[in-house]
Amino acid sequence: MKKVILTGAAGQLGRALQKVLSPAEYELVLTDTAAAVSALDAPATALDITDNEAVIAFVDRTKPYAIINCAAYTAVDAQEKDVDLSYKINALGPRNLSIAAAKAGAKLVHISTDYVFAGDGSVPYTEFDTPAPKSVYGTTKLAGEEFVKQFAKEFFIIRTAWLYGEGKNFVRTMLNLAETRDEISVVNDQTGNPTSAMELARLVAHLLPTQEYGLYHGTCEGSCSWADFAREIFRLAGKNVTVKGVTSKEYAAMNPAAAPRPAFSELDKYMLRLTTGYTMANWHDALEEYLKEA
Ligand SMILES: NC(=O)c1ccc[n+]([C@@H]2O[C@H](COP(=O)([O-])OP(=O)(O)OC[C@H]3O[C@@H](n4cnc5c(N)ncnc54)[C@H](OP(=O)(O)O)[C@@H]3O)[C@@H](O)[C@H]2O)c1
């Protein structure tokens, strides 16, 4: 049985991986912050990924086959004013896990984001395009990627986007708003790839046993604007809500604390085509699956 440490196990991806990774093949060792551990049903250990010594000691003791880092600081707007914590969790966290993984001879799976790109083009980004983040979150996640490349030996970095699973996310926010509103304003000039945590978890499960190490884009097929995403959520959930498209500028005027976001951050899964040929579900189908289970 292969031991796999999951950090951030109580988060959206962490929970999806617990459903997707086969118990016949893997023994999962769940970790998260002390607060998040208490929200999990399964036994889990409090492990702060920013604590270098604790991370190395825990990995040394556990002797895992792999570490999957699902832990991150994901509140994009809050990080604009919380730069040190953002670097600690999103850059030093993966650095610590990379050092520990290399020492223990373990594989490392690390998750990154489409927000590493500027988003000012109109052609989907491949893994070979140059990042130029606009937000603190994008900047510190890119620094995390660099640390993984520097310190881990056998690693997969997977950039995903617009993620939704069990937890706080755009789909849940829209469904909650639909309880009290019949019209909602949603940004219509940002394009990306909505991706379910289950589909991302299936990609992780696919890559994990391979030796196809490197940087990947991992998002559901197809793209849309946030406004179109909201319309599809309401259509599939049978909610009679009108989505009023607004520009990012109009949205920023309503929410001055909002971090700058890429206008066009569609990701091309070029590395998957070049390597294993694995394909991910279309975002409409993945959303339908999610809403059936929600
Ligand atoms: N959500 C998105 O739309 C999106 C888009 C692109 C990429 N991603 C990336 O996808 C990955 C998974 O995201 P997600 O949405 O599943 O995240 P999530 O639901 O926000 O979960 C993150 C987990 O990490 C934990 N955590 C935070 N700081 C930690 C620390 N210092 N030590 C250990 N654990 C810590 C959190 O605990 P607390 O709750 O106690 O803080 C939480 O349980 C992340 O790398 C994220 O950057 C997400």
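In short, a report on the structure. Only a predicted model underlies this, so the values are computations on that prediction, with no experimental measurement involved. (Residues numbered from 1 in each chain as written. Predicted model: local features only at pLDDT ≥ 70, side-chain atom pairs only at ≥ 80, totals over all residues.)

## Digging into the sheet that holds strand 5 (residues 107–113)
Rules: Two strands qualify as a pair provided DSSP detects at least 2 bridges between them. Helix and strand assignments follow DSSP, with helices taken as H or I runs no shorter than four residues and strands as E runs no shorter than two, numbered in order from the N terminus.
The strand order 3-2-1-4-5-6-11 describes an open sheet built from seven strands, whose pairing is parallel. Edge positions in the sheet fall to strand 3 (45–46) and strand 11 (214–217), since each has one partner strand and no second. Looking at chain direction, strand 4 (residues 66–69) and strand 5 are connected through four bridges and run parallel. Residue pairing in the sheet places Ile67 in a bridge with Leu108 of strand 5.

## Some remarks on the pairing of strand 6 (residues 155–160)
Applied cut-off: The burial label depends on the number of other C-beta atoms within 10 Å of a residue's C-beta. Counts of 20 or more mean buried, 12 or fewer mean exposed, and intermediate counts mean partly exposed, with C-beta atoms placed from the backbone. Here, the term right-handed applies to a crossover whose path from the first strand over the helix to the second runs clockwise when the strands point away from the viewer.
The buried count for strand 6 comes to six of six residues, which makes it a mostly enclosed element. Bridge count for strand 5 against strand 6 is six bridges, and the pairing is parallel. Paired with His110 across the strands is Ile157, a residue of strand 6. With helix 5 (residues 136–151) bridging strand 5 and its parallel neighbour strand 6, the resulting β-α-β unit is right-handed. When strand 6 meets strand 11, the two strands line up parallel, connected through four bridges. Across the sheet, the residue bridging to Arg159 is His217, located in strand 11.

## Quick word on the site of the ligand
Convention followed: Placing the C-beta atom from the backbone, one calls a residue near a molecule or strand if that atom lies within 6 Å of it. When residues are sorted by character, Ala, Val, Leu, Ile, Met, Phe, Trp, Tyr, Cys and Pro go into the nonpolar class, Asp, Glu, Lys and Arg into the charged class, and all the rest, Gly among them, into the polar class.
Of all residues adjacent to the ligand, which total 28 residues, the nearest are Gly8, Gly11, Gln12, Ala71 and Ala72. Among the elements of the structure, helix 1 (12–20), helix 2 (34–37), helix 4 (83–104) and strand 5 are those that each provide at least two residues to the shell around the ligand. Partitioning the shell around the ligand into residue classes produces 14 nonpolar, eleven polar and three charged.

## Remarks on unusual backbone geometry
Phi at Lys63 is positive, roughly 50 degrees, even though this residue is not glycine. Relative to the assigned elements, Lys63 resides in the loop between helix 3 (52–62) and strand 4. Positive phi, normally seen in glycine, also occurs at Trp162, with a value near 45 degrees.

## Digging into the pairing of strand 2 (residues 26–32)
Within strand 2, six of the seven residues are buried, which leaves the element mostly enclosed by the surrounding structure. The sheet contact formed by strand 1 (residues 2–7) and strand 2 spans five bridges and is parallel. Within strand 2, the residue paired with Ile5 across the bridge is Val29. In the classification by handedness, the crossover that spans strand 1, the intervening helix 1 and the parallel strand 2 is right-handed. Two elements, strand 2 and strand 3, share two bridges in a ladder whose sense is parallel. By the bridge assignment for strand 3, Asp32 is matched with Ala46.

## Points about the environment of Ala44
The test is simple: For every residue pair, C-beta atoms are placed from the backbone, and the pair is scored as a contact if these atoms sit within 7 Å.
With respect to the secondary-structure elements, Ala44 resides in the loop between helix 2 and strand 3. Classification of Ala44 as buried rests on a count of 21 C-beta atoms within 10 Å. Each C-alpha atom, one on Ala44 and one on Leu30, is 4.7 Å from the other, the two residues being 14 residues apart in sequence. Look past the residues within four positions of Ala44 in its chain and what remains in contact with it is Ala9, Leu30, Thr31, Asp32 and Val37.

## Some remarks on the packing of helix 4 against helix 5
Heads up, the rule is: A fitted line through C-alpha atoms represents every axis, and for helices the fit uses only the stretch in contact; the resulting angles, taken between N-to-C directions, go from 0 to 180 degrees. Angles below 35 degrees are treated as roughly parallel, those above 145 as roughly antiparallel, those between 65 and 115 as roughly perpendicular, and all remaining angles as oblique. The hand of a helix crossing depends on one turn: near helix anticlockwise from the far one by less than a right angle means left-handed, and clockwise means right-handed.
Two elements in contact, helix 4 and helix 5, have axes whose closest approach is 8 Å; the angle formed by their N-to-C orientations is 15 degrees. Between helix 4 and helix 5, the angle is such that the two are roughly parallel. Note that helix 4 runs across helix 5; the crossing there is right-handed. Judged by residue contacts, Val83, Ser86, Tyr87, Asn90, Ala91, Pro94, Arg95, Ser98, Ile99 and Ala102 of helix 4 engage Val136, Tyr137, Thr140, Lys141, Ala143, Gly144, Phe147, Val148 and Phe151 from helix 5. Class assignment for the residues of the contact of helix 4 with helix 5 results in twelve nonpolar, five polar and two charged.

Interpretation note: all reported values are geometric properties and have no functional meaning in isolation.
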